[in-house]
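# Examination of the molecular architecture
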Amino acid sequence: MKKIKRLLIVACILNAGLLLGCRAIAQTYKDFPWKQLPVRGLMLNIPQRADVELLCRFIREALPAEGVNTLALRIEWWYQFESHPELAATGALSKAEMQQIVRACKDAGIRLVPMMNLLGHQSEQTELLPLLAKYPQFDESPDLNPPVPWKYGNWYDFYHKSLCPAHPDLLKIIFPLMDELIDVCGAADFHVGLDEAWIIGYDKCPRCGGRDKAEILAEYIRKLHAHLEEKKCRMWMWSDRLIDGKTTNLLGWQASMNNTHRAIDMIPKDIMITDWKYENAPPTPAYFAIKGFDVLASACADTASALAQLEQIYAARKDGTRAEFAQTLAGRMQGVLETTWISTGEFIRAYYGRKPYSDGASANITTFKNLFRVIRQTGR
């Protein structure tokens, strides 16, 4: 009899523990912080030397007030590289000037993410940028050049030069550049670009011609990722080469029309995807989350599209409060990266309403302010 009583007591204790455990689990998922976006980012271009102090004040004063916690800085060739000084563009920032920006970010509690274009965008209109100007052997398509005089075309026309991702000497040049930026920025994240690379697997390239374009892209991504992993640095990249532009009808700018999209299933899942959409809000953030990637909705100067993208992020994150298993996809919706392609000086002048600045800058600032106003209001 005593034995039976002991067994009953044990059973009751176990049952009570199970109930408490279930309640704890239920409480855990209901408390998922869906309103708190882990990444509240802004992308800016590296400033002109005369605007370094202006940017530092903006970082310390304006960005925390807006709720920004991440600054992606598009550096490209505007840094005085010690490993390859020949690749520094005219007017490039010195190490001391970059360190001023780094200190401002630390003072403001803002994560700094350096950015470089490491595939396409190796020319601007008819001008070669430093890497191909100094190392023409890295050109994926030496015989395919921009029209002179320059004219903008569509996705099936010439847009910009690309690197040959399979050239055996390419990584010997770009890895030291990446390392310098990681070190000077104290970076734990690095954005490698890779957007709008229309020239890949060029037929006349002796290394890439005839190969599967998705395989070429995936192989290159894996190499960049492996190097950044060695540096204990997380890789970020743009989304468009991983989206099928034909099936989605998103076409060749914000998606891929040259069959690189299948690379999405051939690359590491811990890459942060910055999913830029500037005119609408297709459900592509959810696509990347389902594929296993963390993702940031990335708008620019269209406020309605930016807010519609933000709604998707919040809706997916709120779903994490409905069941424990739902937190996996919810957690991959990491937040936003508001982008700008104008000069940093103009962006900051437009922010404070100090003329001169363009209508485009005004639209960009309106989107930025409205987007972060909603983020602050939602997070309260």
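Note that the structure is a prediction, hence the values are computed from the model and not measured.

### A word on helix α9 (residues 303-318)
Helix length check: α9, at 16 residues, gives a terminal C-alpha distance of 22 Å against a target of 22 Å (1.5 Å per residue), a fit within 8%. Contact partners of the buried residues in α9: α8 (284-290), β9 (294-298), α10 (327-332), β10 (333-338) and α12 (359-379).

### Structural notes on the UniProt feature "domain: Glycoside hydrolase family 20 catalytic" (unreviewed entry) in the protein
When the UniProt feature table is mapped onto this chain, "domain: Glycoside hydrolase family 20 catalytic" (unreviewed entry) is found at residues 88-298. Taken end to end, residues 88-298 comprises 30% helix and 13% strand; its first and last C-alpha atoms sit 28 Å apart.

### Things to note about helix α3 (residues 95-108)
Helix length check: α3, at 14 residues, gives a terminal C-alpha distance of 20 Å against a target of 20 Å (1.5 Å per residue), a fit within 8%. Listing the buried residues of α3 in full gives Glu97, Met98, Ile101, Val102, Ala104, Cys105 and Ala108. Taken down its axis, α3 places every buried residue within 155° of arc, on the same side. Pointing more than 90 degrees away from the buried face of α3 are the exposed residues Lys106 and Asp107. Of the surrounding elements, those touching the buried residues of α3 are α2 (52-66), β2 (70-74), β3 (111-115) and α5 (170-185). Remark: Gly109 follows α3 within two positions and exhibits a positive phi of approximately 70°.

### Some remarks on unusual backbone geometry
In this chain, Val148 is followed by Pro149 through a cis amide linkage whose omega measures 0°. Within the fold, Pro149 resides in the loop between α4 (130-134) and α5. In this chain, Lys355 is followed by Pro356 through a cis amide linkage whose omega measures 5°. Here Asn259, not a glycine, exhibits a phi torsion of approximately 65°, which is positive. When you line up the elements, Asn259 lands in the loop between α7 (245-248) and β8 (272-276).

### Re the side chain of Glu140
Structurally, the position occupied by Glu140 is in the loop between α4 and α5. Despite its burial, Glu140 remains without a salt bridge, the nearest opposite charge being carried by Arg207 at 5.6 Å.

### A word on the packing of α9 against α12
Two packed helices can be described by the angle between their axes and the distance between those axes. Interaxial distance between α9 and α12 falls to 9 Å at its minimum, and their mutual angle equals 30°. One way to sum up the angle between α9 and α12 is to call them roughly parallel. When the axes of α9 and α12 are compared, the crossing they make is right-handed. Taking contact as the criterion, the partners of Thr303, Ala306, Leu307, Leu310 and Tyr314 in α9 are, on α12, Thr366, Thr367, Asn370, Leu371, Val374, Ile375 and Thr378. Broken down by class, the residue content of the contact of α9 with α12 amounts to seven nonpolar, five polar and no charged.

Thresholds applied
- Residues numbered from 1 in each chain as written.
- Predicted model: local features only at pLDDT ≥ 70, side-chain atom pairs only at ≥ 80, totals over all residues.
- Heavy atoms only, no water.
- Helix = DSSP H or I, 4+ residues; strand = E, 2+ residues; numbered from the N terminus.
- Expected span 1.5 Å × (residues − 1).
- Contact = heavy atoms within 4.5 Å.
- UniProt positions renumbered as here; feature names shortened; annotations may be inferred.
- Buried < 20%, exposed > 50% of the residue type's maximum accessible area, 1.4 Å probe, protein only.
- Arc of directions from axis to C-beta.
- Lys, Arg positive; Asp, Glu negative; His and termini not counted.
- Salt bridge = Lys/Arg side-chain N within 4 Å of Asp/Glu carboxyl O.
- Axes fitted to C-alpha atoms, helices over the stretch in contact; angles between N-to-C directions.
- Parallel < 35°, antiparallel > 145°, perpendicular 65-115°, else oblique.
- Left-handed = near helix turned anticlockwise from the far one by under 90°.
- Nonpolar A, V, L, I, M, F, W, Y, C, P; charged D, E, K, R; others polar.

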